[in-house]
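What the coordinates show
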Amino acid sequence: MSSSLARPMLRAPMRIAGRRFESSSSSSSSTTATAASKAQQGLSKVTSAAGPAIAGAARGVGNALSKIGGRTGRLINFVQAQTPFVTYYGKVGLELSKLVFHGQKMAPPSLTTFQTTYQNLWSRIQSRSISPQNIIQQVRGLGTPQLVAGSVILAECLGFFTVGEIIGRFKLVGYHGEVAHH
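The model shown is predicted, which means the values in this text are computed figures rather than measured ones.

Focus: the confidence of the model for the protein chain
When pLDDT is averaged across the protein chain, the result is 76; 66% of the residues are at 70 or more. By mean pLDDT, helix H1 (residues 3-20) is the weakest element of the protein chain at 50, and helix H6 (residues 144-169) is the strongest at 91. Long-range and interchain partners of residues 13-18, a stretch whose pLDDT sits below 50, account for zero contacts in this model, where long-range means more than four residues apart.

Right, dumping it as structure tokens:
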């Protein structure tokens, strides 16, 4: 190894060791605050410089993709046209979910509850204690409140499915039949 490469390696631990044994006086805390503010300034400079560069790169990619023709070009143009709508309605849906979640005072289950539930289910599957007879017995043992709650959930699922179908078909009633099968 040459001596020019060995010198920086020998000097580096000495600098680190010198810093390690500094006292924690107010001068070192002010030095730390100054270093933190300089780091923040440097970070803001990097972000402000990178913002236009990233935007320019995105524009360049967008321009390159817009030059593609055929079915692929139409697909890319369609996706680019739909992106703002999807982003907007995704954010609206997220905020609405948050409102409902907090309004109903809902909370996700704790990790222990989740683990015990699925460990019990897994052990029942492995021991084959889940059988049609057991399921029928459990259904017969349901009370009126559970049946009402299940009916409400079933009605909600059916309603969401129906609304999804109406939105997906852009029609309120029926599918188009094929004329060739008359």
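We are not done yet, so read on.
Here we look at the pattern of salt bridges
Taken as a whole and judged by the stated rule, the model has two salt bridges. In this structure, the salt-bridge partner of Lys98 is Glu95, at a minimum N-O distance of 3.5 Å. Of this pair, Lys98 and Glu95 both sit in helix H3 (residues 70-103), three residues apart, roughly one helical turn. For Lys98, a relative accessible area of 39% puts it in the partly exposed group. Look at Glu95 and you get partly exposed, because its relative accessible area is 43%. When the shortest N-O distance is used, the salt bridge between Glu165 and Arg169 registers 3.7 Å. With Glu165 and Arg169 both in helix H6, this residue pair falls four residues apart, about one helical turn. A residue is classified by how much of its surface remains accessible, and Arg169, at 25% relative accessible area, is partly exposed.

The rules behind the values
Residues numbered from 1 in each chain as written. Predicted model: local features only at pLDDT ≥ 70, side-chain atom pairs only at ≥ 80, totals over all residues. Heavy atoms only, no water. pLDDT = per-residue confidence, 0-100. Helix = DSSP H or I, 4+ residues; strand = E, 2+ residues; numbered from the N terminus. Contact = heavy atoms within 4.5 Å. Salt bridge = Lys/Arg side-chain N within 4 Å of Asp/Glu carboxyl O. Buried < 20%, exposed > 50% of the residue type's maximum accessible area, 1.4 Å probe, protein only.

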